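# Architecture at a glance
Okay, here's what each chain looks like letter by letter:
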Amino acid sequence: MEELTGEEVASLHSEYVMQSWHKQGGPVKPIKKADGIYFWDYDGKRYTDMSSLLVCSNLGHELPEIVDAIKEQADKMCFMAPAYASEPKSRLAKMLVDVADPDFYQRVFFTNGGADSNENAIKMARMVTGRPKIFSCYRSYHGSTIGASNASGDWRRFATELGGSAPGFVHFMNPNMYEDGYTRGVDDAAVTADYLHRLDEQLQYEGPDTVAAILMESIVGANGVILPPEGYMEGVRALCDKYGILMICDEVMAGFGRTGKMFAWQNFNIKPDMFTFAKGVTCGYVPLGGVVVSKRISDYFTDHVLQCGLTYSGHTLACAAGVAAVNYYLEHDVCAHVKEMEGILKPFLESMVEKHKCVGEARCIGLFSALTIVKNKETRELMAPYHTPNSVMPQIMAKLMDLGFSTFGRETNINICPPLIITAEQLEEELPKLDEVLTWVDKNLCD
């Protein structure tokens, strides 16, 4: 088949592809190839992937170990139905339990991606507890299926509510210290106490014996890498224990070394009853997700039918990619490398707060980071408050893209989440581009 030109690829896409989260038919950039932390358009321009695409390409693009594992498995067997055991699926399930905690966790239910993972965790929580309600945060995103959308807090849930919200979903406000007017490292104890009190009070009004689970991103991702105040996650865990509520941690974005731990919940003194994953398990090479469940939940489904199922659950080719990826994380001690790179990224971002009047706060854990962009630093007026029409943030992102610095943000945040294999030299080459664009923002968009 004759290879298409970049213009033809873009034209066909605009005419025939439904573009997610956008009005249809607009311009789109065609990408020809990717390798390592870079990708190239059809004109040969190189872009540095400073967001790991959608915070999924943790090990970069075209990693030979994952590509070779996919090719090798494709030569043997691409797919086998979920009812049968296959070597990649069996191996990967054990690997995931082992890196989590084999004394506490027992089994994995595999899915196609993050939304499916959260959807099925919600179903399991309701089956195990016999309770209908799911508590989740307003500052969150859990996926675009019906249940995951209703659990999500940001505006992307609105379309699922056109006929009325699905029953049993209750949102609560989770802390964002900067936007709430507090100072991280100073006000943590007060913020934690306040927010836990409010959550406990809301549980009382809803009836804690009707709540199956509290579903939370271990660290809020797409909505701005919002780090919880000290003690908050432990406090939520304590409330769950107090009322017999299951705790589900969404690790879809934050998992697989992103924070310098294999799973982000390991940064806190907690163990969720279930945690969901996707993205970094295969780095997006083949779609895959899942739910890791505790022994208690696993034991429940020894005596009760698990009413969850997907045609591609534990997809053979995807699990082969997952085995290769997890092996790479462990054999190359990627978590240690991430903490080393944090030592470069975090101080740089903090220096941006000091240097630029448009940067209100920097948040960084591992290679999971974001800047809050403000119009006025003194008043903390956000550049793009929640769900702002005609936001200037796309203009800022376009400036970065023009410099070959590819990333994304939502509302008033710029997320910086590069592939975990990025080197010190590569970081030091790319970060000045961010500084340059922030200087432009200072001059043109700030009060």
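Our subject is the structure that appears above.
### Description of a negative patch on the surface
There is a patch of like negative charges on the surface, built from E2, E7, E8 and D43. Residue position: E7 is located in helix α1 (residues 6–16).

### Some words on the layout of surface pockets
Here the second largest pocket is characterised by a volume of approximately 350 Å³. A93, R107, V108, F109, F110, M124, V293, S298, F301, T302, L306 and S313 are the residues that line the second largest pocket. Taken together, the elements giving at least two residues each to the lining of the second largest pocket come down to β4 (105–111) and α9 (295–303). For the lining of the second largest pocket, the element with the highest residue contribution is β4, accounting for four residues. In terms of residue class, the lining of the second largest pocket is built from eight nonpolar, three polar and one charged.

### Things to note about the sheet that holds strand β9 (residues 274–277)
On the basis of which strands lie adjacent, the open sheet formed by seven strands has the order β4-β10-β9-β8-β7-β5-β6 and mixed pairing. Only two strands of the sheet have a single partner each, and these edge strands are β4 and β6 (169–172). Averaged over neighbouring strand pairs, the angle between their axes works out to 20 degrees when direction is ignored. Pairing of β4 with strand β10 (residues 289–294) involves six bridges; the strand directions are antiparallel. Bridging from a neighbouring strand, R107 pairs with V293 of β10.

### A short note on the pairing of strand β5 (residues 133–137)
Here β5 lies mainly inside the structure; five of its five residues are buried. In β5, alternate side chains face the same way, and those of K133, F135 and C137 on one face and I134 and S136 on the other are all buried. In the sheet, β5 pairs with β6 via four bridges, with the strands oriented parallel. By the bridge assignment for β6, F135 is matched with V170.

### Notes on the environment of M80
Looking at the element boundaries, M80 is found in the loop between α3 (64–76) and α4 (87–100). Between the C-alpha atom of M80 and that of T316, which follows or precedes it by 236 residues, the distance is 6.2 Å.

### Here we look at the environment of V281
For V281, the location among the structural elements is in the loop between β9 and β10. Considering only alpha carbons, one finds V281 and V323, 42 residues apart in sequence, at a separation of 8.3 Å.

### Some remarks on the state of the cysteines
In the structure shown here, the tally under the stated rule is zero disulfides. The cysteine C78 is free of any disulfide, with C319 supplying the nearest cysteine sulfur at 13 Å. The cysteine C446 is free of any disulfide, with C358 supplying the nearest cysteine sulfur at 4.9 Å.

### Topic: the pairing of β6
Of the two faces of β6, the one lined by F169 and H171 and the one lined by V170 and F172 are each fully buried. Assessed by its sense of winding, the connection that carries the chain from β5 through helix α6 (residues 146–151) to β6 is right-handed.

### A word on the packing of aromatic side chains
Taken as a whole and assessed by the stated rule, the structure comprises 16 aromatic pairs. For the ring pair F110 and F277, a centre distance of 6.4 Å and an interplane angle of 85 degrees mean the geometry is edge-to-face. Residue F110 is located in strand β4, and its partner F277 is located in strand β9; the two are separated by 167 residues in the primary sequence. Taking the relative accessible area as the measure of exposure, F110 reaches 4% and is therefore buried. For F277, a relative accessible area of 0% puts it in the buried group. Each ring, one from W265 and one from F275, has its centre 5.6 Å from the other, and the planes form 55 degrees; the classification is tilted. Here F275 lies in strand β9 and W265 lies in the loop between β8 (246–250) and β9, a separation of ten residues in the sequence. Just above the ring of Y38 sits the side chain of R46; from NZ or CZ to the centre is 3.9 Å. Above the plane of the ring of Y195 lies R198, whose end atom (NZ or CZ) is 4.3 Å from the centre.

### As for the packing of helix α11 (residues 334–355) against helix α13 (residues 424–445)
Their axes nearest at 11 Å, the elements α11 and α13 cross at an angle of 15 degrees. Judged on the interaxial angle alone, α13 and α11 are roughly parallel. As for how α11 packs across α13, the hand of that crossing is right-handed. Residues M341, I344, L345, F348, L349, M352 and K355 of α11 lie in contact with α13, whose contacting residues are A424, L427, E428, L431, P432, L434, D435, L438 and D442.

### What to know about the sheet that holds strand β14 (residues 405–406)
Ordered in space as β1-β2-β3-β14, the four strands form an open sheet in which the pairing is mixed. One side of each edge strand has no neighbouring strand; the edge strands of this open sheet are β1 (31–35) and β14. Inspection of the sheet shows strand β2 (residues 38–41) paired to strand β3 (residues 46–49) by three bridges, in the antiparallel sense. Following the sheet pairing, F39 is matched in β3 by Y47. Of the strands in this sheet, β2, β3 and β14 are in contact with α13, which crosses β3 at around 100 degrees.

### Considerations on α4
The terminal C-alpha atoms of α4, which comprises 14 residues, lie 20 Å apart, in line with the 20 Å expected from a rise of 1.5 Å per residue. Against α3, β4, β9 and α10 (316–331) lie the buried residues of α4.

### A word on α9
Turning to α9, its buried residues are I297, S298 and F301. Angular distribution of buried residues about the axis of α9 spans 100 degrees; they occupy a single face of the element. Away from its buried face, by an angle of more than 90 degrees, α9 presents the exposed residues T302 and D303.

### Topic: empty space enclosed by the protein
For the coordinates displayed, the defined rule picks out one cavity of 30 Å³ or more. In this structure, the largest cavity spans a volume of roughly 80 Å³. Breaking the lining of the largest cavity down by element, the ones donating at least two residues are β7 (211–217) and α8 (232–243). Partitioning the lining of the largest cavity into residue classes produces ten nonpolar, two polar and one charged.

Reading the values: the criteria
Residues numbered from 1 in each chain as written. Predicted model: local features only at pLDDT ≥ 70, side-chain atom pairs only at ≥ 80, totals over all residues. Heavy atoms only, no water. Patch = residues over 30% accessible without salt bridge, like charges linked within 9 Å, V, L, I, M, F, W, Y side chains within 5 Å. Areas by Shrake-Rupley, 256 points an atom, 1.4 Å probe, with all protein chains shown as cover. Salt bridge = Lys/Arg side-chain N within 4 Å of Asp/Glu carboxyl O. Lys, Arg positive; Asp, Glu negative; His and termini not counted. Charge placed at Lys NZ, Arg CZ, Asp CG, Glu CD. Helix = DSSP H or I, 4+ residues; strand = E, 2+ residues; numbered from the N terminus. 1 Å grid on protein atoms, 1.4 Å probe; cavity = no way out; pocket = protein on both sides within 12 Å on 5 of 7 lines; lining within 4 Å. Points joined across faces, edges and corners; volume = space filled by probe spheres on them. Nonpolar A, V, L, I, M, F, W, Y, C, P; charged D, E, K, R; others polar. Pairing = 2+ DSSP bridges. Axes fitted to C-alpha atoms, helices over the stretch in contact; angles between N-to-C directions. Buried < 20%, exposed > 50% of the residue type's maximum accessible area, 1.4 Å probe, protein only. Disulfide = S-S within 2.5 Å. Right-handed = clockwise from strand over helix to strand, strands pointing away. Phe/Tyr/Trp six-rings, centres within 6.5 Å; stacked < 30°, edge-to-face > 60°. Lys NZ or Arg CZ within 6 Å of the ring centre and 35° of its normal. Parallel < 35°, antiparallel > 145°, perpendicular 65-115°, else oblique. Left-handed = near helix turned anticlockwise from the far one by under 90°. Contact = heavy atoms within 4.5 Å. Expected span 1.5 Å × (residues − 1). Arc of directions from axis to C-beta.

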